[in-house]
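Structure assessment
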Amino acid sequence: MYWEKELEVLDRKNLEKLQVERLMATLRQAVNSQYYGKIPEINKAIKSGIHSIEQVRELPFTTKEDLRGDFPWGFLAVDKREVVRLHSSSGTTGNPTVVYHNRHDLDSWANLMARSLFAAGVRDTDVFQNMAGYGLFTGGLGFQYGVEKLGCLSIPAGAGNSLRQIKLMRDYGTTVAHAIPSYLGRLFDVFKEEGLDPRKDTKLHTLVIGAEPHTEEHRLRIQEMFGVKAYNSFGLSEMNGPGVAFECTEQNGLHIWEDAYVVEIIDPVTLQPVTDGEIGELVMTTLDRRAMPVIRYRTRDLTRFLPGECKCGRTHRRLDRIAGRSDDMFIMKGCNVFPMQIEGVLMKLPEVGDDYRIMLETIDDQDEMIVEVEVKKDWFKGDLSVLDRLQKHITHLIRDEVLVRPLIKLVEPGSIPKTEGKAVRVFDHRKK
Ligand code: COA
Ligand code: AMP
Ligand code: ZN
């Protein structure tokens, strides 16, 4: 059973033919933007034509820094009047990463999302509760429009407020829910505190989990706690958001939708393709986006192609779960955090000394970000109310920057142990 049979089981030869056609159309569209319009390799490819999908390698990469550098309109490839929505990364300092969509793009994204959910067994008879953040996060509206397209009854619950999540689930008979995996331990605890068992006291049969790295063991634990099948959902805002790659009911890797993206895996050092099956950095090119095509985007996510065909019959290749990142970004409570954002906040404050470190811990089944900050001698000796104010001030500034409330520990100068060589700032002790 497929959402769009003709595309999902298309034989590889015809799938690649479609990719070549769409890549040409994408390049023609992309050069309408200030950024890509200036790139000689793209203009050359348009003139001489693309004849095989491997030729994508003749095009230059696009990085997050490129997207930020040409903020806010440099990548826009249509007239501003055509744009109907934007999504953007967090942060109050520096340029955010912004992605624009026109009506075609939103419809195409909703369709990919509906296709993904259908592959995981979700049907229009389901009641779907979305526990991701709405607003600029793509996990909110991204799922919302896909679920509506599929025809489920949708409950746009948003993130947080576990008691209310449970009430919604029970009042409306939620059968499928989407949440980030690290939140589900907390949700389960609240079920228990209420004397409830999600296996018996809800109608849940499926959870969609994603937006952050997690292990197979973590998935099994979630399945056991909730008595459901849990499917891995992968996406990133630069490529729309969720709906990029998704597990089918075989649960053996994530089908990445190759009619919508050219997918490469490269060695992040040599920038050459890895041999098939080896782990490398995922690089993606949009094939069905008009307002803002992105070419050879270096996602920094590390993964590999899984070998063999899938029993479900879909011909789109499968990715292994994400194994890590080739940069220092980490994800806390579903929010992306770059240590440099935190450093940027701290180093502006005259009271703060030279050193800080970020400890990621799981406390009572909730992930927490503890930031230890060295305070300069004169300030540290000052009275406690001054330190208390400073602590609150830093908490607010970091919360505004990364959208997660940190626990701030102010410490004496020199008390943070030095690491050898390059300073290690992040210590991740979370239960995975
Ligand atoms: N999803 C849903 N709810 C979450 C959550 C998550 N990722 N992380 C924490 N929560 C819940 C907490 O359990 C708490 O509710 P409860 O006390 O009723 O159980 C509430 O949100 C606030 O938690 P707190 O730890 O005080 O959060 P914070 O202030 O540090 O962060 C969040 C606020 C959770 C709202 C913010 O991190 C967020 O919006 N996360 C969701 C991001 C998301 O959806 N990403 C997906 C992108 S595809
Ligand atoms: P955002 O652009 O905010 O949606 O964040 C995208 C990033 O979240 C990706 O580049 C990944 O690093 C991470 N991510 C999303 N989905 C998954 C997943 N299923 N498993 C692991 N990491 C994920
Ligand atoms: Zn499959």
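Along every chain, residues carry numbers that run from 1 in the direction the sequence is written. Whichever chain is written first becomes A and whichever ligand is written first becomes 1, with later ones labelled in order. pLDDT decides what is reported in this predicted model: residues at 70 or higher carry local features, side-chain atom pairs at 80 or more are listed and counted, and totals for whole chains, interfaces and linings draw on all residues regardless. Only heavy atoms go into the side-chain values, all of them from the structure, while hydrogens and water stay out.

The next point concerns the overall build of the protein. Helix and strand labels come from DSSP, where a helix needs a run of H or I of at least four residues and a strand needs a run of E of at least two; each type is numbered from the N terminus. Within the protein, the secondary structure is distributed over 14 helices and 21 strands. Radius of gyration means the value over C-alpha atoms here, while the globule rule gives 2.2 Å times the residue count to the 0.38 power. Computed over its C-alpha atoms, the radius of gyration of the protein comes to 23 Å, within 12% of the 22 Å expected for a compact globule of 432 residues. Considering only C-alpha atoms, the protein reaches an extent of 70 × 55 × 45 Å along its principal axes. Whether a residue is buried, partly exposed or exposed follows from its accessible area with a 1.4 Å probe, protein chains only, as a fraction of its type maximum: under 20%, in between, or over 50%, in that order. Every one of the 432 residues in the protein was classed for burial, and the buried ones make up 54%. Any two residues whose heavy atoms approach within 4.5 Å are treated as being in contact. In the protein, 65% of the contacts between residues at least 6 apart in sequence involve partners at least 24 apart. About 19,600 Å² of surface is accessible on the protein, with carbon and sulfur atoms providing 51% of the total. Taken as two groups, the 59 positive and 64 negative side-chain charges of the protein have centres that lie 2 Å from each other. Calculation of accessible area relied on Shrake-Rupley with a 1.4 Å probe; when residues are assessed, cover is drawn exclusively from the protein chains displayed. Only four residue types enter the tally: Lys and Arg on the positive side, Asp and Glu on the negative side; His and the chain ends are excluded. In plain terms, the charge of a residue is placed at NZ if it is Lys, CZ if Arg, CG if Asp and CD if Glu.

Let us now look at the site of ligand 2. Residue proximity to a molecule or strand is established when one non-hydrogen atom of the residue lies within 4 Å of it. In the vicinity of ligand 2 lie 18 residues, with Asn232, Ser233, Ser237, Asp301 and Asn336 positioned nearest. Nitrogen and oxygen atoms within 3.5 Å of one another constitute a polar contact, given that in protein one can donate a hydrogen and the other can accept it, and given that sequence-neighbouring residues count only through two side-chain atoms. At a separation of 3.0 Å, an oxygen atom of ligand 2 approaches a polar side-chain atom of asparagine 336. A total of 500 Å² of accessible area belongs to ligand 2 in isolation, and the protein chains cover 88% of it. Tallying contributions element by element places strand β7 (residues 229-236) first for the shell around ligand 2, with five residues.

This next bit is on the nonpolar core. What is meant by a nonpolar core is a set of buried Ala, Val, Leu, Ile, Met, Phe, Trp, Tyr and Cys residues, joined one to another through side-chain atoms within 4.5 Å. Formed by 47 residues in total, the largest nonpolar core has its most connected members in Leu27, Tyr36, Met239, Val244, Tyr261 and Met284. Ranked by residues supplied to this core, first place goes to helix α2 (residues 12-30) with five residues. Of all hydrophobic cores here, the second largest spans 24 residues; its members include Met332, Ile342, Leu349 and Met369.

The next thing to look at is the coordination of the zinc ion (ligand 3). Metal coordination here is assigned from N, O and S atoms located within 2.8 Å of the ion, or within 3.2 Å for Na, K and Ca; omission of water means that sites may look incomplete. Donor atoms from the polypeptide that coordinate the zinc ion (ligand 3) comprise Cys248 (SG), His255 (NE2), Cys310 (SG) and Cys312 (SG), at 2.1 to 2.3 Å from the metal. Coordination at the zinc ion (ligand 3) comes from four donor atoms whose angles at the metal span 103 to 117 degrees, giving a geometry best classed as tetrahedral. Spacing between the donor residues of the zinc ion (ligand 3) along their common chain follows C-x6-H-x54-C-x1-C. Note on accessibility: cysteine 310 and cysteine 312 belong to one class, buried. When four donors show all angles between 85 and 135 degrees the site is tetrahedral, when four or six donors have opposite pairs over 155 degrees and all other angles between 65 and 115 it is square planar or octahedral respectively, and in every other case it is irregular.

Here we take up the site of ligand 1. Taken together, the neighbourhood of ligand 1 is formed by 21 residues, with Gly133, Ser162, Arg186, Lys333 and Arg399 sitting nearest. A distance of 2.6 Å is found between an oxygen atom of ligand 1 and a backbone nitrogen or oxygen belonging to glycine 133. Take asparagine 161: an N or O atom from its main chain is 3.3 Å from an oxygen atom of ligand 1. Taken by itself ligand 1 offers 880 Å² of open surface, and the protein chains cover 79% of this. Under the scheme applied, nonpolar residues are Ala, Val, Leu, Ile, Met, Phe, Trp, Tyr, Cys and Pro; charged residues are Asp, Glu, Lys and Arg; polar residues are all the others, including Gly. Its residues assigned to classes, the shell around ligand 1 comprises ten nonpolar, seven polar and four charged. Segmentation into domains, and thus their bounds, comes from an automatic or database assignment. A domain split of the shell around ligand 1 shows at least three residues from each of domain 1 (1-326) and domain 2 (330-428).

So, on to the packing of aromatic side chains. In this description, a pair of aromatic rings is defined by centroid distance and the angle of the planes. Any Phe, Tyr or Trp ring, taking Trp's six-membered ring, that has another such ring centre within 6.5 Å forms a pair; planes under 30 degrees apart are called stacked, those over 60 apart edge-to-face, and the others tilted. Enumeration according to the criterion identifies eight aromatic pairs in this entry. Between tyrosine 35 and tyrosine 36 the ring centres are 5.2 Å apart and the planes differ by 80 degrees, which places this aromatic pair in the edge-to-face class. Judged by its relative accessible area of 17%, tyrosine 35 falls in the buried class. Residue tyrosine 36 is classed as buried on the basis of its relative accessible area, which comes to 1%. When the ring of tyrosine 35 is compared with that of phenylalanine 75, the centres are 4.3 Å apart and the planes differ by 25 degrees; the resulting orientation is stacked. Here phenylalanine 75 lies in the loop between α5 (64-69) and β1 (83-88) and tyrosine 35 lies in helix α3 (residues 34-37), a separation of 40 residues in the sequence. Grouped by ring-pair contacts, the aromatic residues Tyr35, Tyr36 and Phe75 constitute a single cluster. Two conditions define a charge located above a ring, namely a distance within 6 Å from the ring centre to NZ of Lys or CZ of Arg, and an angle within 35 degrees of the ring normal. If you follow arginine 123 out to its NZ or CZ, it ends over the ring of phenylalanine 118, 3.6 Å from the centre. Here arginine 317 stacks its cationic end above the ring of phenylalanine 305, 4.0 Å away from the centre of that ring.

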